[in-house]
Amino acid sequence: MVDVAEKEMDNPTFRSDTVLSDVHLHCPSKRHLMVRLNAVGQPVFLSFFKLLWSTEDLASGKHVREITTGREHQCRSGDELCDKDRSDIKKEGELNNEGVEALLDDDGDLEVVRRPRSASDLQAEDLLRDIVCPVILMKGKEDAFEDEEQECTCSDVVKIEHTMATPLEDVGKQVWRAAFLLADYILFDRDTFRGCSVLELGGGTGITSIIMGTVAKRVYCTDVGEDLLAMCEQNIALNKHLMEPGGGEVKVKELDWLKDEFCTDPEAPYSWSGEEIADLLDHCSVIMAADVFYDDDLTDAFFRTLYRITHNLRNSCTVYLALEKRLNFTLRHMDVTCEAYSHFRNTLNDLENLQDGKMKYTVEPIKLDFCQFLVYERIEQL
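In this report, the structure presented in the accompanying data block is examined. (Residues numbered from 1 in each chain as written. Predicted model: local features only at pLDDT ≥ 70, side-chain atom pairs only at ≥ 80, totals over all residues. Heavy atoms only, no water.)

1. Things to note about the sheet that holds strand β12 (residues 249-254)
- Spatially, five strands are ordered β12-β11-β10-β13-β14 in an open sheet, and the strand pairing comes out parallel. Each edge of the open sheet is held by one strand with a lone partner, namely β12 and β14 (318-322). The mean angle between the axes of side-by-side strands here comes to 20 degrees, regardless of whether they run parallel or antiparallel.
- Sheet analysis places strand β10 (residues 197-201) next to strand β11 (residues 218-223), joined by five bridges and oriented parallel. Residue pairing across strands places Ser197 opposite Arg218, the latter belonging to β11.
- Helix α5 (residues 177-188) contacts β13 (284-290) and β14 of the sheet and is inclined by roughly 145 degrees relative to β13. (Pairing = 2+ DSSP bridges. Helix = DSSP H or I, 4+ residues; strand = E, 2+ residues; numbered from the N terminus. Axes fitted to C-alpha atoms, helices over the stretch in contact; angles between N-to-C directions. Contact = heavy atoms within 4.5 Å.)

Printed below as a string of structure tokens:
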């Protein structure tokens, strides 16, 4: 990906180290664009991600509506429209059979007679295509949210502030597909996580922790960087109403994988208190991470942190890892490879084969045949 850094509007410079999440290419039907600039001058966007359940359904334990329900309705309606269109085409064909000469122009070339667009065509397009309505928000114009709020019920939308087209070191400020995949699994198997104490490593914008917060008792959403953590904290506040029915709590904390200890500096804005560290080590039963395996050094640091934390937990826990297997063409191999994914798999195997007399790790894959509850593109590489 390339990015245009506009120092001046008429003098753009291109950077090749910019990364853009595919989530932004598969837009929800309603979204806002550019609500503000963050502390480092990056544009911040607010997106509305549709949930196919409500907090009332979640609190009552009802089954969640599957995304396939809407698609089945679309297909049935589309079939009905296609039958009607086929009958129209048949009638046109009968009319055109009066003579071949009518289909040739003066030079003898075939002249294609196109059927005028019927109302059924427009209906089919409306069924199969989302309408994207961007709205530019100006700083301090809170009333610009009113129209959007009226169209979206509070219980079926996750509001996430994020950036787009960031340098590699700021990819945590974007929204990634593996976070949606992990969120889907939480909603699918929510009874497993109900009442748990959870740690998320590399929480980014916080969307997975927000979904976990609808069923878990307490979630520690961790990452590094004050600007990113502030954005994550803002997203937690925007979606607090989703967690209130279940009584869940999400705490945003700093956790640097390159350091061996928790940040306990009282001067740091997202540091840990002694009580919070004790609570995590005494009660944590679930650790999760989504799309954090894109750099070999960070992957190594992640597994070192994972080992250190699980080694100090009072109880055994389950770790859920979600990622996207990204294909890249490399000049070194002159072929399409998945080097970051291969390194992740090798490191995971090393963890499973670890024999230190203290810890035992068992790795099991999860089949991706569970329901999809968030609107995003679930690709084969997830």
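Back to the write-up after that little detour.
2. Overview of the pattern of salt bridges
- The full count for this structure, using the stated rule, is 16 salt bridges.
- A salt bridge links Lys173 to Asp227, with the nearest nitrogen and oxygen atoms 2.9 Å apart. Of this pair, Lys173 sits in the loop between β9 (166-167) and α5 while Asp227 sits in helix α8 (residues 226-238), and the two are 54 residues apart along the sequence. Assigned by exposure class, Lys173 and Asp227 land together as buried. (Salt bridge = Lys/Arg side-chain N within 4 Å of Asp/Glu carboxyl O. Buried < 20%, exposed > 50% of the residue type's maximum accessible area, 1.4 Å probe, protein only.)

3. Regarding the environment of Ser271
- Relative to the assigned elements, Ser271 resides in the loop between β12 and α10 (274-283).
- The class of Ser271 is buried, set by a relative accessible area of 13%.
- Taking the C-alpha atoms as reference, Ser271 lies 8.5 Å from Leu255; in sequence the two are 16 residues apart.
- Those residues in contact with Ser271, other than ones at most four positions away along the chain, are Lys253, Cys263, Thr264, Asp265, Pro266 and Glu276.
- A polar atom in the side chain of Ser271 sits 3.3 Å from the backbone oxygen of Ala268. (Polar contact = N/O pair within 3.5 Å; in protein donor to acceptor, adjacent residues only side chain to side chain.)

4. Some points on α8
- With 13 residues, α8 extends 18 Å from end C-alpha to end C-alpha; this agrees with the ideal 18 Å at 1.5 Å per step.
- Within α8 the residues assigned to the buried category are Asp227, Leu228, Leu229, Met231, Cys232, Asn235 and Ile236.
- If you follow the buried residues of α8, they end up packed against β6 (43-50), β8 (157-162), α7 (207-212), β11, α9 (240-243) and β12. (Expected span 1.5 Å × (residues − 1).)

5. Looking at the layout of surface pockets
- Size it by volume and the largest pocket reaches roughly 1,100 Å³.
- For the largest pocket, the lining is made up of 37 residues, of which Val319, Tyr320, Leu321, Val363 and Glu364 are closest to its centre.
- Broken down by secondary-structure element, the contributors of at least two residues to the lining of the largest pocket are α5, α11 (296-312), β14 and α12 (339-352).
- Among the elements that line the lining of the largest pocket, the one with the most residues is α12, at seven residues.
- The residue makeup of the lining of the largest pocket, split by class, is 23 nonpolar, seven polar and seven charged. (1 Å grid on protein atoms, 1.4 Å probe; cavity = no way out; pocket = protein on both sides within 12 Å on 5 of 7 lines; lining within 4 Å. Points joined across faces, edges and corners; volume = space filled by probe spheres on them. Nonpolar A, V, L, I, M, F, W, Y, C, P; charged D, E, K, R; others polar.)

6. Looking at the packing of α11 against α12
- Relative to each other, α11 and α12 sit at 25 degrees, their axes nearing to 10 Å. Taken together, the axis directions place α11 and α12 in an arrangement best described as roughly parallel. The handedness of the crossing between α11 and α12 is right-handed. Contact with α11, carried on its side by Asp296, Thr299, Asp300, Phe303 and Leu306, involves Glu339, Ala340, His343, Phe344, Thr347, Leu348 and Leu351 of α12 and no other residues of that element.
- Partitioned by chemical class, the residues of the contact of α11 with α12 number six nonpolar, three polar and three charged. (Parallel < 35°, antiparallel > 145°, perpendicular 65-115°, else oblique. Left-handed = near helix turned anticlockwise from the far one by under 90°.)

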